[in-house]
Amino acid sequence: MQTSFIGVDVAKAELVICVDEQAPVTIKNDTAAITEWLACVPEDACIAMESTGCYHQQLAHLAQHVGFVVYVLNARDVFFYAKALGARAKSDALDCVVIRRYVQEHRQSLHPWQPGTKLQQELHSLLTRRAQISAQQAAVRQTLKQLDVLETEIAVLMQSFTDLLKAMDQHVQHLIATDENLLAGSKRLQTITGIGPQTSALLTELLSRVSFANSDALVAYSGLDPRANDSGSKRGRRRLSKRGPALLRRQMYLAAFAASHSKALKPLYLHIRAKGFSTTESMVILGRKLLRVAFAVWKGSAAFNPEQLQPKTA
């Protein structure tokens, strides 16, 4: 039986769907409409959609629950794929056709989407929203900067943000504590210089949910891997691929910043700087090293030994 490939362009209110070579159709993005549509989908179908914040999750969960193979694609990959096809326009109807074609051509190199356990889903949701609230707090603080009036009200607002973030952190730690393996892994991760409770919680949720083959796969997922840009004898400038979650890259950068000021890993940071790398480049390199260490610590049973990251001397 031939596999049916389905591409779905997801929006808040509706889904635009392309099944094989058929004309796209539109349905509401709600449980009743999705359930009714899934009942008519061929049993061997592969359903693909882009990652769109929270709007794709309902479709992904319902489709996976009834047994379909689901792919949640990196929107950046689909964007460049559409450009490579020479797309001259963009619309929801065209996007779902491109998504269907992408999954049909690249299925063998893609990993089916897995929702994770209920605990992992709750952790992921909390951590993602915490990062969003923290960003909003910083934006509000910048907007109200140097405002000479309403100082009391502004202070109360900022304190409310702080209290909410603190409560979310406490709930995250409570959730991790309900699982012995997660708790043990989280504690080991916090032995790594520069990695505190927030970064440890983020890595705990990720490493427990996704089975990375090795540390290279984790670095590639994070988007901290340098992308070559060479042609012939020309060696172009390396830039980060930035394919993975921006939150993970940010947390590893902050971890590297903390580590660079520590007694244990400051020599390593200075050693990297001595090679001619800029401050930002050195932080990224150190963050990438810490991410590899986190993978090894998570997979093993021993705490972090900073001596393993000391620069080699002649």
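Keep in mind it's a predicted model, so treat the numbers as computed, not measured.

Attention now moves to helix α5 (residues 118–143). For α5, spanning 26 residues, the distance from its first C-alpha to its last is 37 Å, which sits close to the expected 38 Å at 1.5 Å a residue. Inspection of α5 places Gln120, Leu123, Leu126, Leu127, Arg130, Ile133 and Gln137 among the buried residues, and these make up the whole buried set. If you follow the buried residues of α5, they end up packed against α6 (151–177), α7 (180–189), α8 (197–209) and α10 (246–260).

Core analysis: the largest hydrophobic core is formed by 47 residues, its most contacted members being Ile192, Leu203 and Leu290. Elements with a contribution of two residues or more to this core: α5, α6, α7, α8, α9 (215–222), α10, α11 (266–274) and α12 (279–299). The element contributing the most residues to this core is α12, with 11 residues. Counting residues in hydrophobic clusters, the runner-up holds 20 residues, among them Ile6, Leu38, Ala60 and Val70.

Any two aromatic rings considered together are summarised by their centre-to-centre distance and by the angle between their planes. The final tally for this structure, using the stated rule, is 3 aromatic pairs. Both rings, one in phenylalanine 79 and one in phenylalanine 80, keep their centres 5.3 Å apart while their planes meet at 70 degrees; by these two values the pair is edge-to-face. Between the aromatic rings of tyrosine 81 and tyrosine 102, the centroid separation amounts to 5.1 Å while the plane-to-plane angle is 85 degrees, which identifies the pairing as edge-to-face. On the criterion of sequence distance, the pair formed by tyrosine 81 in helix α3 (residues 75–84) and tyrosine 102 in helix α4 (residues 92–106) is long-range, its members being 21 residues apart. The class of tyrosine 102 is buried, set by a relative accessible area of 10%.

Moving on, we get to the packing of α6 against α8. Relative orientation of the contacting elements α6 and α8 amounts to 45 degrees, with a least axis distance of 11 Å. Judged by the inter-axis angle, α6 sits oblique to α8. Here α6 and α8 pass one another in a crossing that is left-handed. Where α6 abuts α8, its residues Asp169, Val172, Gln173 and Ile176 lie against Pro197, Gln198 and Ala201. Broken down by class, the residue content of the contact of α6 with α8 amounts to 4 nonpolar, 2 polar and 1 charged.

The next point concerns the environment of leucine 94. Position of leucine 94 relative to the elements: it lies in helix α4. Look at leucine 94 and you get partly exposed, because its relative accessible area is 41%.

This part takes up the sheet that holds strand β1 (residues 5–10). The pairing of strands in a sheet comes from backbone hydrogen bonds and takes either a parallel or an antiparallel form. In space, the 5 strands of this open sheet follow the order β3-β2-β1-β4-β5, with mixed pairing throughout. Looking at which strands have only one partner, the edges of the open sheet turn out to be β3 (25–28) and β5 (69–73). Between one strand axis and the next, the sheet turns through 25 degrees on average, direction left out of account. Of the pairings in the sheet, the one linking β1 to strand β2 (residues 14–19) comprises 5 bridges and is antiparallel in character. For aspartate 9, the partnering residue across the bridge sits in β2 and is valine 16. Helix α2 (residues 57–65) rests against β1, β2, β4 (46–50) and β5 of the sheet, and its axis sits at about 155 degrees to β5. Lying over the sheet, α4 contacts β1, β2, β4 and β5, oriented at roughly 140 degrees with respect to β1.

With that settled, consider the pairing of β5. Across a regular strand the side chains alternate sides, sitting on one face of the sheet and then on the other. By the bridge criterion, 5 bridges tie β4 to β5 in an arrangement that is parallel. Note that in β5 the partner of alanine 48 across the bridge is tyrosine 71. Viewed along the sheet, the connection from β4 through α2 into β5 turns out right-handed.

This part is about unusual backbone geometry. A positive phi angle, near 50 degrees, is found at aspartate 20, a position not held by glycine. Its place among the elements puts aspartate 20 in the loop between β2 and β3. Residue aspartate 20 is classed as partly exposed on the basis of its relative accessible area of 25%. With phi around 60 degrees, leucine 150 is a residue other than glycine that occupies positive phi space.

For the rest of this paragraph, the subject is the side chain of aspartate 95. You can see aspartate 95 is positioned in helix α4. Of the residues examined, aspartate 95 reaches a relative accessible area of 16% and is grouped as buried. Engagement of the side chain of aspartate 95 in a polar contact is seen with the side chain of lysine 90, the distance being 2.7 Å. Aside from chain neighbours lying at most four places away, what touches aspartate 95 is Asp9 and Lys90.

The rules behind each value
Within any chain, residue numbers begin from 1 and follow the written order of that chain's sequence. At least 70 in pLDDT is required for a residue's local features to be given in this predicted model, at least 80 for side-chain atom pairs to be given and counted, and no such filter applies to totals for whole chains, interfaces and linings, which use all residues. As a convention, hydrogens and water are excluded, and side-chain values are obtained from all of the structure's heavy atoms. Secondary structure elements follow DSSP: runs of H or I of four or more residues count as helices, runs of E of two or more count as strands, with numbering from the N terminus. In this scheme, a helix's expected span is set at 1.5 Å multiplied by one less than its residue total. The buried label applies to any residue whose accessible area, calculated with a 1.4 Å probe on protein chains only, is under 20% of its type's maximum; exposed applies above 50%, and partly exposed to all values in between. Note on contacts: a residue pair is in contact if any heavy atoms of the two residues lie within 4.5 Å. By convention a nonpolar core is built from buried Ala, Val, Leu, Ile, Met, Phe, Trp, Tyr and Cys residues, the set being connected through side-chain atoms within 4.5 Å. Two rings belonging to Phe, Tyr or Trp (six-membered ring only in the last case) form a pair when the distance between their centres is within 6.5 Å. Interplanar angles under 30 degrees mark stacking, angles over 60 mark edge-to-face geometry, and anything in between is tilted. Axis definition: a line fitted to C-alpha atoms, limited for helices to the stretch in contact. Angles are taken between N-to-C directions and run from 0 to 180 degrees. Oblique is the label for any angle not under 35 degrees, not over 145, and not in the 65 to 115 range, which are roughly parallel, roughly antiparallel and roughly perpendicular in turn. Crossings are sorted by hand: turned counterclockwise from the far helix by less than a right angle, the near helix makes the crossing left-handed, and turned clockwise it makes it right-handed. Each residue gets one of three labels, nonpolar for Ala, Val, Leu, Ile, Met, Phe, Trp, Tyr, Cys and Pro, charged for Asp, Glu, Lys and Arg, and polar for the others, Gly among them. In this scheme, strands are said to pair when DSSP sees at least two bridges between them. We call a crossover right-handed when, viewed with the strands running away from us, the connection from the first strand over the helix to the second turns clockwise. Pairing of N or O atoms within 3.5 Å defines a polar contact, subject to two protein rules: one partner must be a possible hydrogen donor and the other a possible acceptor, and residues neighboring in sequence count only if both atoms are side-chain atoms.

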